Every structure is written in C-alpha cells, then in structure tokens.
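For reference, the chains in residue letters:
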Amino acid sequence: AFLVDKLRTGCIMLSQRNVTETTYASGLLGLVIDFLKNHAFLDLPIVAAYYHGYHAQKGGDGSETHFQSLKNVINENGRSFAANEVQDLTLMALNYAIGRLNRGENHYFREVFELYQSGLKHGALLENGQLSRWTYNNITATALRLQEYTWLEQFLIGYQPLLPENHRDAAFHFNMARYCYDLGKRREALGHLLHREYDNVLQNLQSRVLMCKIYYELGEWDALDNQIDSLQIYLRRQKGIGYHRAIYGNIARMLRKLVNTNDRERLRAEIEAIPELPEREWLLKQV
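Parameters and conventions
Residues numbered from 1 in each chain as written. Predicted model: local features only at pLDDT ≥ 70, side-chain atom pairs only at ≥ 80, totals over all residues. Heavy atoms only, no water. Core = buried A, V, L, I, M, F, W, Y, C linked by side-chain atoms within 4.5 Å. Buried < 20%, exposed > 50% of the residue type's maximum accessible area, 1.4 Å probe, protein only. Helix = DSSP H or I, 4+ residues; strand = E, 2+ residues; numbered from the N terminus. Contact = heavy atoms within 4.5 Å. Arc of directions from axis to C-beta.

J.: Go over the nonpolar core, please, and point to the residues and values.
T.: The biggest cluster of nonpolar side chains holds 90 residues, and the ones touching the most others in it are Leu7, Tyr50, Phe67, Leu89, Tyr136, Phe155 and Leu283. The element that contributes the greatest number of residues to this core is helix 9 (residues 168–182), accounting for 9 residues. When residues no more than four places from it in sequence are discounted, the contact partners of Phe67 are Ala56, Ala93, Tyr96, Ala97, Tyr108, Glu111 and Leu115.

Structure, rendered in structure tokens:
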C-alpha cells in the first residue's frame, strides 16, 4: 500500500509537471523507484501498473517499453482493479499515446483505439455510469481514422443510451453523420446533420462545414451557397471563440473560392499557404 501510494503520487506529480511546468520535491519517490527495480513486488499488478505508468510519463529511453507494459497490465488485470484505479491508469496510458500522436507518430492511432476499447470493456471511461459526449466524439474520430467501421457502428448505437440525456441526441446524430459520410452515404449523413442544432459552438461549426462538403460533393450549389453564408454569419455572431474564428473563416473563404474561382493552380497555392486549415486535404482534393 505504501509503494502504490508513493507511485500514484509520483504519477500525479509528473502529470501536473507536464501541464503546468511546475517542479515538485520528490521526497522518498526516488528511493522507492530504485527499490522496485527488478524486485518481486513488480509481480503485483497494481504495483507494476503505477511503476510502468510513472516511467512512461517520465519519458526518455525506455518509455515506450514501459507504456506497453502498462497497457498489458491494464488489459490483463483491469477487472480486478478498483474503479478509480483502472480509470486513472487508462487515462495515464491514453495521455501518453496521445502525446506521441501530437508529435506526429501516427501509428499511435492504433494504440489509442485499443486503449479506448479496453477502457470501454473495463468501464474506465465511464463517470457515474455515463460516457461523456467528448469521449464519444474522440472514440468516433479514432475509429474513423482507422476505418474500423463495423466496430464503430456497434459502438455508436450501443453506447448512445450511456450519453448524458441532455446531449444524447446531438452527440449521436453528429457522430452518425461523420460515420455515414465516411462510408459515402451523403444523404444519410445530411439527414443526421439536419436533425437538430448543436449546443456546443465547435461541434456546430464542424457540422456546418460537413454540410458544406456534402452539398459540394452532391453538386447542390444553391444549398452550398446558403450554407457558406450561414457559416459566416454564425462566426460573426459568436463571442469568445478565439483562433477558431480565423480557422473556420478560412474554411468558409476557401469553400467560396472553390466554387467561384477558375484559376485552380492559384487556389491550390493559396490553400497550401494557409498555416492552420483543418480541411486542407479535402480542399486540395477538390481542386
């Protein structure tokens, strides 16, 4: 119990340090880490989990090996851990994998996906029996990236009842729209997007952009023109959205040029020159 407590505290310290760049006094932690090296206590799953989690978060040589060991311990022993422990350990592993993704190591999409699957299996992603809409969105995005369509359809339908009631319909239809669009079912996707307004600004912006893409691909130019107008008006009315105003404003501007500009090479160069453009790949494909 003493060892686990020290290791858990060490993991929290590393997590805080990575977010806030705060330095903490480690106390006895270094002695605990040295003591456990090759010790039989590492045969205890909960000790091993926090030990490997600490080293994975610390980074440096061997962090990948420790991450894989942490993942294996969770998969093999998750059901025997307390609910708060399996949740903390799963989030620790996810943060490591997402950190590697953010550094451009795209093969970590598979690691993130497998951790989401494990977290769902062990209940580690639930809070008071509910799945947050943001986790629902992130799992969908990861599964789409890996084209895990059969699994994703079962997930979207199966976990819909576990979403918070006030966000359930919006989250379900938004993610079903993304799923249908990826499968080329544009009309079905449009039906989900038209189902209702979204109460979250970014989700609203994403849904409006997806509608624009669908109208463009269907060649429904009047509907597309109206939707671009609607997107630009919506952006002007929103307060406190920071850099998202510029990003989505760029998307709207490029969509308009995509329809009206004949000089494709100039448009290609302009799209490539914009620093932050989430739909760059799609826009270039249309060019």
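J.: Any chance you could break down unusual backbone geometry for me, citing the residues and the numbers?
T.: The phi torsion at Asn38 lies on the positive side, around 60 degrees, for a residue other than glycine. Residue placement: Asn38 occurs in the loop between helix 2 (29–36) and helix 3 (45–58). What makes Asn38 exposed here is its relative accessible area of 75%. The phi dihedral of Asn128 falls on the positive side, at around 55 degrees, and the residue is not glycine.

J.: Could you give an account of the side chain of Glu85, with specific residues and numbers?
T.: Structurally, the position occupied by Glu85 is in helix 5 (residues 83–102). Of the residues examined, Glu85 reaches a relative accessible area of 16% and is grouped as buried.

J.: Let's hear about helix 8 (residues 149–158): which residues, and what values?
T.: Where helix 8 is concerned, the buried positions are Tyr149, Leu152, Phe155 and Leu156. The buried residues of helix 8 occupy an angular sector of 120 degrees when projected down its axis, which confines them to one face. Opposite its buried face, helix 8 presents the exposed residues Thr150 and Gln154, each directed more than 90 degrees away. Buried residues along helix 8 sit in contact with helix 6 (108–122), strand 2 (130–131), helix 7 (133–145) and helix 9.

J.: Account for the environment of Glu165, naming residues and giving values.
T.: Structurally, Glu165 can be placed in the loop between helix 8 and helix 9. A residue is classified by how much of its surface remains accessible, and Glu165, at 64% relative accessible area, is exposed. When the C-alpha atoms of Glu165 and Gly78 are compared, they prove to be 28 Å apart, with 87 residues separating the residues in sequence.

J.: Account for the environment of Asn262, naming residues and giving values.
T.: Relative to the elements of secondary structure, Asn262 occurs in the loop between helix 13 (244–260) and helix 14 (264–273). Note on Asn262: relative accessible area 77%, which makes it exposed.

J.: Tell me about the side chain of His244, and name the residues and values.
T.: Mapped onto the elements of the fold, His244 is located in helix 13. Under the relative-accessibility criterion, His244 is labelled buried at 19%. Among residues more than four places away in sequence, those in contact with His244 are Leu202, Leu235 and Gly249.

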